[in-house]
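Spelled out, the chains give:
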Amino acid sequence: MALARAVGVDQRLVLGVPPRLVLKLLLWGYRGPWAQHWPLLADAQQHEEMSAQAMLLTGQLPGDDTTAQREGEYELVVSADDPDLLDKVRQGAEKGLRVLVTHVERAVPSPEFLEVLVRPAGSRSPGLRRPVQTAHPEFCLFLSTPLPVRLILNEIHPSILSEVRVIDLSLSSTEVQELMLTELVQSECLELWVQQCLVNTDKKALQDKLCQEEVSLMEYILQSFTPLLQDPEFLPRVSACQTACQKLQAEIMELSMELERHKPLLADFHRVAGLATALYQALQEVARLSPFYLFPLRNFLFAVRGTLVLKGRPDVTFSGEVVTAAVMAEITHRMVSHLLAQYRPCLFQSHATLLRLLVSVALFLHNEGCSEVERLAFLRGLGEMDLPVDASTPASPPPSTSPSQHHVLLGWMPPHTHTEVLRLQNIPAFKGLLSSLATSPSQWQEYLRFPSSTVVGPVPCHSHSHLSMLQRALLWKTMLPHSLAAVAEDLAACHLGQPVQSAVTGAPHTGSPEALSRFLNKHDGPVIVTLPGPSRDGWASIQPLHWLKQVSQYQADKREVKVISFGAKCQKEAILSALKIAVHDGHWLVFNNCHLLEQWDEEVMCQLNQLISCAAKGHQTDVETEGLIPVGLCAGSRVHSRFRLWFITRGYTPLSIPASMRVCALRLVCDSPWDVKEELCSSLRQVVSVTLSAPSSGVTACTMEPMLRAAILHSVLLQRQAYKYLGQGNIYHWTQEDLLALVDAQVRIAKVCGDPTGALEYIAANLVYGGHVADLADLEAVESVSRACLRAAPPLWGSGPHTLSDIIHIPGRFDLSGLLQSLEQRVQALANTSDPLVLGFSAGLAGELVKVHSRTLNTLLQDSQKPFGRVRSTNELTHPALLPDFNQARDRLLALKESLGRMDDIRVVSVGAPSLGPLHNFLQAEWDGLVDVVSSLHSELNQPMRNSKPTVSSLLNVSSLFRLERRAELLKAYLCDEATSGPSNAYRLSAFSNARGFLGALIREAAHAKQRDISNVSLHFQVLSAATSPASLPLSGVYLCGLELRGALWDTRLGALQDTLSPQPCILPLLWVRARVRNTDTVRAPDSPPCNTSSLPLYHCPLYLDGEHGDRRYWELAENNIIARVPLVAKLDPVLCTLRRVRLVSTL
């Protein structure tokens, strides 16, 4: 309302006021004496883009228009890093000029500069002297920065921000859409765009003439001293003015009708422009995830322009007819696929995955559309929305649903989704969802079963078969949030078709130096390369310097690369010397490890700022001076056109790069290849490149095959790390240097070793890659991978990393130059490379990996929808619904504590051990420890909470409570000889906090009973038949129950491990564990299978304890978490068992 009154239009028409006029009004307000702070114009570059677009539409010549316009609005323009900044501003203040200080992010917050920012009428910050009253009352100071508001808090010093008022000049979605429309129409239908510009130009000229006629008449009236009715020239002048105005208005109306006739022709272009705007918005949402990201509108427009140039058909002719749907679909697909490919080198993999999801949503809205509530619910989550509650939708169970049905309903649904489902059914499309879930649970459970289906097929229940794809995606995201990654993949497959890597030939990515070299040729200015942050698994398998030198070799003139690596202090003399040489000779100058630098030298900063500003202007006209560009600000020096600055830093320290570089630089990430095919192509390219650079006399097909197998080994080891702790105990920082070291070893041993394959396997498993590994369990896996990749596999192995060696096909006479192309074609032809079996894992890890990726994607999606974003570690993500109610948790702990306290009155009987034997002592110690844990937790919950509501999130969750109660139940049964769920007279190792201690107690028990030294006693394991259910204790030892076999299947008939494709774990029969003195005790197990498996090998299967379900930790497969190794007869090769991390898990 205030804006409407200030502009002088009706409130209903205020939305139609041009933003340019609103901005002028806003800036005018800061010129008055009532304003207390000078304004800081953020994202000023976008405003200049819009001004340039307006000039094009009105027929003005492009060029340095924005600069001219800026200098027209301001009488003095000076950069914040100008050495004479303070003197110029003071002179402007004395003369009463309108002064604009640009690039405030470069300003040094000195006391003198802060005093300049304080207005005489404004308040003063503590510690600042009162500024001198300006000599001229018309003095106005404006500050600007090309940075968006999102980055201002990080980029500009707080003391500067406290003295100014920020004005956000970023364009609205409507304005951005106008820019996109201009790019589309100009590229796809030039004739229509030219005619549109001509009509707009003519209309503006007529409107100016109409305004001049009216102003001329008003000036005549104001300057006339004769009464108007007595002035003989007044009425004729009025009549002439009316005639001229009517004629101009008629012509304007005719041009307006012409523009109206253009609207149907532009309708489809408007829709595509709306999609491009949505893509830009998605990119900005992803940019919130890291302060390193900055995706200016100018660069996005250049990318759009570049994708439109790539069309394989002639321009659309302007015939007055609507453009066909096929043409618009082709434009849409080309724009989306190429934009995703172009921004891929600038994003880390998890962030690029989020971008694909946001783009898929934007494409769905473009093609089909949905309500705003549904869109926000999918992106932000139902918990962040205040959904309107339908009065007809009950919050309690529906009338047709009995309480027992409602209980069953909530029983099969994940606990943390109950509240979300109740909110979801308040959206009209999901009305009656709760009733449908209760009346048709089997159909819903079949539909919501991953990986059988996700959003591709319709809902089988008739009540909700009408749901669109995005509505189904919202349903899956709400009820099965751990499947969001699979939902995102299906959405992308439906809307984006084939993967971007294959859709765009030669798409740039880290693993392809040649494609990145072409990508760099399209961008001028400095480049910032960012490495992953310092998280435990944040690493890149590609060394940035090695990668950068590879990229330079694909440049036309094979650029020379000079590197300066930083420590804590800035090497001033070395930098200035290297900078001078690189500028003159056209080298690439790399500043490495910028994140280790405490502060940049002021003289170095000054040289860099002048250099970048001069080179940016000269790079566009560098032909006439033989590659040397004159630099006016650098005392007659010249900048070579091939010169480029590089900065390498870590993602958590974006401010380690000078501000002037951060604003104009191309930002790339040094990330590992994303999948098996990319990893293979990158590794094979490394091997072939090294071979080509070495003398070719000794390269034969026999010597080339082991090197290519080494590339496969390297790729498999790196891609196995994508499964993180699901597939190994630790993350290892293997890089391309390890592959080069292995290839070098192969070259050296090929002619001097009798068994080069065995030697290469040993070097790879124990020196090159095994040298990084300190965990014995992981080392065994590395040895198995080396065995599978470097040697010919037995014919019965089936799936595994050994199948990747099928790409190696070297003819007797081969050409190294054509070998790489042939290998890459074979790699692209590989099928099912996303299957974990290809890397040697079991099939069940695919679903577990989806859960891990879904947790990450959910977190990133939430952070991207916040205005300023907030990157959280996935380890901090916990579903609030998984936390029990405070009072409920306290009551359950109290009941458990009282139950444990009553054990003093119960007769304690040792199970299968003397009353005071080692086993009884161990069980009693476990019981006492559990009592202490429960008492401690209960006392912590009863302590008063300061300044916050009591919570149990930091203490325990539902799963933790269950485990405590279950452990108490089992320990009580073991001590009191009571029945438990499961086989009687059998133990569960997960009931003990010290499971190794239980096995040690068995050894001590046997040593004490037989009066032998404990070093002569060892444990022996035997799996009983599936039908065995003993009613009494064994003659010696104990039975273990609750064991699951993961990664393989137990053949009960044969009594051996065998391969399986099922992701489900296999229940192992009872395991008889007994302590035997060596070379004695030949007790046979009851009902043991016949010894017909003696010809099969043994696999020493590791035994782990089950982790907490829903806990933040993943599987801990490290050696120190192995309770014991159980020898099992294996029909599957033990090497494959080790590869697949086949293991036994004790559950509760």
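Just above, that's the structure.
This is a predicted model, so every value here is computed, not measured.

Caption draft 1: Quick peek at the overall build of the protein chain. When helices and strands are counted, the protein chain shows 39 helices and 23 strands. Looking at the protein chain residue by residue over its 1148 residues, the buried ones come to 51%. Put simply, of all contacts in the protein chain between residues at least 6 apart along the chain, 77% involve residues at least 24 apart. With the model as given, the accessible surface of the protein chain reaches about 54400 Å², and the carbon-plus-sulfur share is 54%.

Caption draft 2: Structural view of the side chain of Ser656. Take Ser656: it is sitting in the loop between β11 (644–650) and α27 (659–664). For Ser656, a relative accessible area of 11% gives the class buried. Excluding anything up to four places from it in sequence, Ser656 contacts Cys594, His595, Trp600 and Thr649.

Caption draft 3: Quick peek at the sheet that holds strand β15 (residues 1038–1040). Read across the open sheet, the four strands follow the order β13-β15-β20-β14; overall the sheet is mixed. Two strands close off the open sheet at either side, each with one partner strand: β13 (986–987) and β14 (1017–1023). In this sheet, strand β20 (residues 1071–1077) lies alongside β15 in antiparallel orientation, the contact comprising three bridges. Along β20, the bridge assignment pairs Tyr1039 with Trp1072.

Caption draft 4: The packing of aromatic side chains, seen in detail. Scanning all chains against the criterion turns up 25 aromatic pairs. Aromatic pair Trp38 and Phe139: ring centres 5.6 Å apart, planes at 75 degrees, arrangement edge-to-face. Of the two residues, Trp38 is situated in strand β1 (residues 38–42) and Phe139 in the loop between α6 (111–117) and β4 (140–145); the sequence distance between them amounts to 101 residues. Each of the two residues, Trp38 as well as Phe139, counts as buried. Where Phe992 meets Phe998, the ring centres are 4.8 Å apart and the plane angle is 20 degrees; that geometry is what we call stacked. You'll find Phe992 and Phe998 in the same group, each marked buried. Three or more aromatic residues joined by ring pairs make a cluster, and in this case those are Tyr280, Phe292, Tyr293, Phe295, Phe300 and Tyr343. The side chain of Lys477 reaches across the aromatic face of Phe378, ending 6.0 Å from its centre.

Caption draft 5: Fine view of the nonpolar core. Counting residues in each nonpolar core, the largest one holds 137 residues, and the members touching the most others are Met180, Phe378, Leu475, Phe591, Trp600 and Leu645. Here this core takes 13 residues from helix α11 (residues 234–287), the largest share from any one element. Judged by nonpolar contacts, the second largest core, of 111 residues, contains Val827, Leu964, Tyr987 and Ala1124.

Caption draft 6: Quick look at a nonpolar patch on the surface. Nonpolar side chains collect at one region of the surface, where Leu190, Val194 and Leu198 lie side by side and expose about 250 Å² of accessible area between them. Looking at Val194, the relative accessible area reads 35%, which means it is partly exposed.

Caption draft 7: Representation of unusual backbone geometry in the model. With phi around 60 degrees, Asn593 is a residue other than glycine that occupies positive phi space. Residue position: Asn593 is located in the loop between β8 (588–592) and α26 (602–618). A relative accessible area of 23% means that Asn593 is categorised as partly exposed. We note that Lys724 has phi near 50 degrees; this positive angle belongs to a residue other than glycine. Considering the arrangement of structural elements, one finds Lys724 in the loop between α29 (701–720) and α30 (736–749).

Caption draft 8: Up close: the packing of helix α13 (residues 325–343) against helix α14 (residues 349–367). The contact between α13 and α14 brings their axes to 11 Å, and the two run at 165 degrees. On the basis of the axis angle, α13 is roughly antiparallel to α14. Between α13 and α14 the crossing geometry is right-handed. Here Thr332, Val336 and Leu340 of α13 lie close against α14, whose contacting residues are Leu355, Val359, Leu363 and His366. Looking at the contact of α13 with α14 residue by residue, the classes come out as five nonpolar, two polar and no charged.

Caption draft 9: Representation of helix α15 (residues 372–380) in the model. Within the span of α15, buried status applies to Glu374, Leu376, Ala377, Phe378 and Leu379. Elements that come into contact with the buried residues of α15 comprise α14, α20 (469–479), α21 (484–496) and α34 (845–864).

Caption draft 10: Structural detail: the environment of Leu1139. You can see Leu1139 is positioned in helix α39 (residues 1134–1139). The residues contacting Leu1139, other than those within four sequence positions of it, are Arg720, Ala781, Ser784, Val785, Ala788, Pro801, Gly840 and Phe841.

Caption draft 11: Molecular detail of the pairing of strand β2 (residues 76–79). Bridge count between β2 and strand β3 (residues 98–102): four bridges; the pairing is parallel. What sits directly across from Val77, in β3, is Leu100. Of the crossover connections in this fold, the one passing from β2 over helix α5 (residues 85–95) to the parallel β3 is right-handed.

Caption draft 12: Highlighting the sheet that holds β8. Overall, parallel pairing links the five strands, which are arranged β7-β8-β11-β6-β12 in an open sheet. Edge positions in the sheet fall to β7 (561–565) and β12 (666–669), since each of these pairs with one other strand and no more. Between one strand axis and the next, the sheet turns through 20 degrees on average, direction left out of account. By the bridge criterion, four bridges tie β8 to β11 in an arrangement that is parallel. Bridging across to β11, Phe591 finds its partner in Phe647. Against the sheet, helix α23 (residues 513–521) makes contact with β6 (527–531), β8, β11 and β12, and its axis sits at roughly 165 degrees relative to β12, the strand it touches most. Relative to the sheet, helix α24 (residues 544–553) contacts β6, β7, β8, β11 and β12, its axis offset from that of β8 by approximately 170 degrees.

Caption draft 13: Structural context of the pattern of salt bridges. Summed over the entire model, instances satisfying the criterion amount to 25 salt bridges. Among the ionic pairs, Asp82 bridges to Lys88, the shortest N-O distance being 2.8 Å. Judged by its relative accessible area of 29%, Lys88 falls in the partly exposed class. Measuring nitrogen to oxygen at the nearest pair gives 2.8 Å for the salt bridge that ties Glu824 to Arg685. Of this pair, Glu824 sits in helix α33 (residues 816–828) while Arg685 sits in helix α28 (residues 676–693), and the two are 139 residues apart along the sequence. Overall, Arg685 belongs to the buried group, its relative accessible area being 14%.

What counts, and at which threshold
Residues numbered from 1 in each chain as written. Predicted model: local features only at pLDDT ≥ 70, side-chain atom pairs only at ≥ 80, totals over all residues. Heavy atoms only, no water. Helix = DSSP H or I, 4+ residues; strand = E, 2+ residues; numbered from the N terminus. Buried < 20%, exposed > 50% of the residue type's maximum accessible area, 1.4 Å probe, protein only. Contact = heavy atoms within 4.5 Å. Areas by Shrake-Rupley, 256 points an atom, 1.4 Å probe, with all protein chains shown as cover. Pairing = 2+ DSSP bridges. Phe/Tyr/Trp six-rings, centres within 6.5 Å; stacked < 30°, edge-to-face > 60°. Lys NZ or Arg CZ within 6 Å of the ring centre and 35° of its normal. Core = buried A, V, L, I, M, F, W, Y, C linked by side-chain atoms within 4.5 Å. Patch = residues over 30% accessible without salt bridge, like charges linked within 9 Å, V, L, I, M, F, W, Y side chains within 5 Å. Salt bridge = Lys/Arg side-chain N within 4 Å of Asp/Glu carboxyl O. Axes fitted to C-alpha atoms, helices over the stretch in contact; angles between N-to-C directions. Parallel < 35°, antiparallel > 145°, perpendicular 65-115°, else oblique. Left-handed = near helix turned anticlockwise from the far one by under 90°. Nonpolar A, V, L, I, M, F, W, Y, C, P; charged D, E, K, R; others polar. Right-handed = clockwise from strand over helix to strand, strands pointing away.

So, to be careful, I would describe these as geometric facts and stop short of saying anything about function.
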